[in-house]
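# Overview (structure and organization)
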Amino acid sequence: MIEGKKVSLRPVEERDYPLIHAWMNHPEVWRSMDYELPFSLADVKEDTERSRKEGHPFVIEVKDRPIGRIGLNQFRRRDRICSLYMFVGEPAFWGQGYARDAVMALLNYAFDRLDLNQVELWTLADNDRALAMYAKCGFVEEARLRQRSFKQGRWVDHVVMSVNRDEFVRARADWDSSGIVTRDSERV
Ligand SMILES: CC(C)(COP(=O)(O)OP(=O)(O)OC[C@H]1O[C@@H](n2cnc3c(N)ncnc32)[C@H](O)[C@@H]1OP(=O)(O)O)[C@@H](O)C(=O)NCCC(=O)NCCS
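Please read these numbers as outputs of a predicted model, since none were measured by experiment. (Residues numbered from 1 in each chain as written. Predicted model: local features only at pLDDT ≥ 70, side-chain atom pairs only at ≥ 80, totals over all residues. Heavy atoms only, no water.)

### What to know about the environment of Asp176
By the element assignment, Asp176 lies in helix H6 (residues 165–177). Judged by relative accessible area, which is 48%, Asp176 ranks as partly exposed. Between the alpha carbons of Asp176 and Lys5 there is a distance of 9.6 Å; along the sequence they are 171 residues apart. (Helix = DSSP H or I, 4+ residues; strand = E, 2+ residues; numbered from the N terminus. Buried < 20%, exposed > 50% of the residue type's maximum accessible area, 1.4 Å probe, protein only.)

### With respect to the pairing of strand E4 (residues 65–76)
Most of E4 is tucked away, with 9 of its 12 residues classed as buried. Taken together, the 7 bridges between strand E3 (residues 56–62) and E4 define a ladder with antiparallel strand orientation. Note that in E4 the partner of Val59 across the bridge is Arg69. Once E3 ends, the chain turns through 2 residues before running back antiparallel as E4, passing Lys63 with a positive phi of about 45°. Bridge count between E4 and strand E5 (residues 81–88): 7 bridges; the pairing is antiparallel. (Pairing = 2+ DSSP bridges.)

### Here's the deal with unusual backbone geometry
A positive phi angle, near 70°, is found at Asp64, a position not held by glycine. Following the sequence through the fold, Asp64 ends up in the loop between E3 and E4. Residue classification places Asp64 among the exposed residues on the basis of a relative accessible area of 67%. Positive phi values are uncommon outside glycine, yet Asp115 reaches one of about 55°.

None of this, on its own, says anything about what the molecule does.
Pasting the structure below:
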């Protein structure tokens with residue numbers, strides 16, 4: 001279990017599959033994650049089992065209520081780098097700082113516990129909400145890959161972002177001094 005200020009991250013369990021299935025097929029999540037086809041429950045099981053073999057898959061929880069998925073994969077041990085993916089599957093929970101808290105908690109784990117040097121991610125270039133949230137976690141835009149997805153009748157660019165250890169340390173200091181209320185004191 002990884003504790004953030006507002007959320008907890010716990011390993012994905014089999015009982016989570018139906019909820020993850022609903023989240024992944026939610027139209028707003030589905031579009032922003034750049035998935036190509038709808039997912040079946042069997043796809044979710046296969047995807048989660050692969051995530052377990054390849055990395056660290058977690059469910060994001062707010063006061064024991066699961067609200068999304070986050071994880072690390074694509075580890076390159078020599079280079080001490082991996083990729084991060086995430087979504088908050090319940091749009092009612094968007095815009096309340098849960099995503100940022102989950103990403104900060106997982107980066108803390110990646111840099112302090114796994115001793116990584118860099119964490120990277122890809123996102124759709126029109127995902128303003130995700131880009132702003134990742135920037136607040138210390139991620140820096142590294143590259144823009146042109147016309148990498150054909151979505152809803154138009155081409156969309158992808159943005160590659162990464163955060164190095166020292167950048168994360170600065171983002172964490174900002175985060176710690178921002179006076180974000182903790183799980184014990186907030187109203188959800
Ligand atoms: C992207 C996503 C993870 C953001 O989750 P969230 O819970 O809304 O994010 P947070 O509340 O932590 O927002 C953090 C910051 O994002 C920015 N933000 C929030 N809403 C925004 C909006 N509508 N437009 C632009 N920026 C926004 C703000 O800067 C906010 O920080 P602040 O509230 O301190 O000012 C969530 O919307 C989601 O899961 N979307 C679908 C899947 C997805 O896009 N995943 C990421 C793919 S790479």
